[in-house]
Amino acid sequence: MIRGTGKVFLVGAGPGAPDLITLRGAEVLKHADIVFHDALVHPEVLALAVRAEKVAVGKRCGRFATAQHFINKRLVDAARKHEIVVRLKGGDPMLFGRAQEEITALQAAGVPCEVVPGVTSALAAAAEAHASLTQRGVARSVAFVTPRVAAGEAPSEWVKCVAAADTAVIYMGAGDAQAISAALIAAGLSRDLPVLVAESASLPESRRIALTLGELPEIARYGVSGPAVILLGRALAAAQSASERDAVLHYAHA
């Protein structure tokens, strides 16, 4: 640690609902001097950082995004000026959150950092659907994957991962539903495999769309615009009752 350097906390904001941030995450935000936050972090979560400067550095598919190397530099620079710096990420920092790139940059600069885990959207979606991702005799393995790769990166082997797992959750894939369906069916998965597309999990506007793998391309007609994950596997069969087939279900908050 370099003398006079503050500490950077990588905090998971959770899947969306402001009351799903951890107690530890809320406590760190309360004492933060500056917060670099993702685009989808709920305003009520940001409001927990009562005395912090707030800087948006979010990434949304198809929209302007702050370059990762620039975020890394800003975190290092901020730690030279502030005691408590927070990098606030949607979901969990260590799952599709580019946390390793930031951790590596901070370590190289001699800046101490700590990761505060969060609830990832796959778990929030499964909880709302009352469908355990693991079930005795049905599902003993789970894969979290994304088909997306950055420019210049090698193609992902996500299809092999999904095909090898009992249950899979596909992040950042709703816009590629047709290609995902075709790739998985070509890999040997059944067209009748249960699928749930969960949009805006944990928020009042959340909805779940029950389909099969063969029907997945039909998701386009539902106009999904919020952050969404695709859950698939036999463990989801309980969520595929006749009343749910081809229906949009809204999560009711107490």
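Our structure is the block above this text.
**Here we look at the pairing of strand β7 (residues 167-171)**
It is a general feature of regular strands that their side chains alternate between the two faces of the sheet.
Consideration 1: Extensive coverage of β7 is indicated by the burial of five of its five residues.
Consideration 2: Residues Thr-167, Val-169 and Tyr-171 line one face of β7 and the alternating positions Ala-168 and Ile-170 line the opposite face, and both faces are buried.
Consideration 3: As paired strands, strand β6 (residues 142-145) and β7 are joined by four bridges and run parallel to one another. Its bridge partner lying in β7, Phe-144 is registered against Val-169.
Consideration 4: Handedness of the β6-helix α6 (residues 158-164)-β7 crossover: right-handed.
Consideration 5: By the bridge criterion, five bridges tie β7 to strand β10 (residues 228-233) in an arrangement that is antiparallel. Bridge pairing links Ala-168 to Leu-232 in β10.

**A closer look at unusual backbone geometry**
Consideration 1: The phi dihedral of Met-172 is positive, around 55°, even though this residue is not glycine.
Consideration 2: Position of Met-172 among the secondary structure elements: in the loop between β7 and α7 (177-186).
Consideration 3: Although it is not a glycine, Ser-202 sits at a positive phi angle of roughly 85°.
Consideration 4: By secondary structure assignment, the location of Ser-202 is in the loop between β8 (194-199) and β9 (207-212).

**A closer look at the pattern of salt bridges**
Consideration 1: Per the counting criterion, the structure on display carries 11 salt bridges.
Consideration 2: With its nearest N and O atoms 3.3 Å apart, the salt bridge here joins Lys-30 to Glu-27. One end of the pair is Lys-30 and the other is Glu-27, both in helix α1 (residues 23-31) and three residues apart, which spans about a single turn.
Consideration 3: A residue is classified by how much of its surface remains accessible, and Lys-30, at 38% relative accessible area, is partly exposed.
Consideration 4: Classification of Glu-27 as partly exposed rests on a relative accessible area of 38%.

**Re the environment of Thr-167**
Consideration 1: Relative to the assigned elements, Thr-167 resides in strand β7.
Consideration 2: Counting along the chain gives 68 residues from Thr-167 to Ala-235, while the straight-line C-alpha distance between them is 6.7 Å.
Consideration 3: Setting aside chain neighbours within four positions, we find Thr-167 in contact with Leu-133, Ala-139, Ser-141, Val-142, Ala-143, Leu-232 and Ala-235.
Consideration 4: Side-chain polar atoms of Thr-167 contact the backbone oxygen of Leu-133, separated by 2.8 Å.

**Some details on the side chain of Arg-207**
Consideration 1: Structurally, the position occupied by Arg-207 is in strand β9.
Consideration 2: The class of Arg-207 is buried, set by a relative accessible area of 15%.
Consideration 3: Of the polar contacts made by the side chain of Arg-207, one reaches the backbone oxygen of Gly-223; its length is 3.2 Å.

**Overview of the sheet that holds strand β3 (residues 53-56)**
Consideration 1: On the basis of which strands lie adjacent, the open sheet formed by five strands has the order β3-β2-β4-β1-β5 and parallel pairing. At either end of the open sheet lies a strand with only one pairing partner, and these are β3 and β5 (113-116). Direction aside, the axes of adjacent strands within the sheet are offset by 20° on average.
Consideration 2: When strand β2 (residues 34-37) meets β3, the two strands line up parallel, connected through four bridges. Its bridge partner lying in β3, Phe-36 is registered against Val-55.
Consideration 3: Relative to strand β4 (residues 84-89), α1 is tilted by about 135°, and along the sheet it contacts β1 (7-12), β2, β4 and β5.
Consideration 4: Sheet strands touched by helix α3 (residues 68-81): β1, β2, β3 and β4. Its angle to β4, the strand with the most contacts, is close to 155°.

Reading guide: rules and limits
- Residues numbered from 1 in each chain as written.
- Predicted model: local features only at pLDDT ≥ 70, side-chain atom pairs only at ≥ 80, totals over all residues.
- Heavy atoms only, no water.
- Buried < 20%, exposed > 50% of the residue type's maximum accessible area, 1.4 Å probe, protein only.
- Helix = DSSP H or I, 4+ residues; strand = E, 2+ residues; numbered from the N terminus.
- Pairing = 2+ DSSP bridges.
- Right-handed = clockwise from strand over helix to strand, strands pointing away.
- Salt bridge = Lys/Arg side-chain N within 4 Å of Asp/Glu carboxyl O.
- Contact = heavy atoms within 4.5 Å.
- Polar contact = N/O pair within 3.5 Å; in protein donor to acceptor, adjacent residues only side chain to side chain.
- Axes fitted to C-alpha atoms, helices over the stretch in contact; angles between N-to-C directions.

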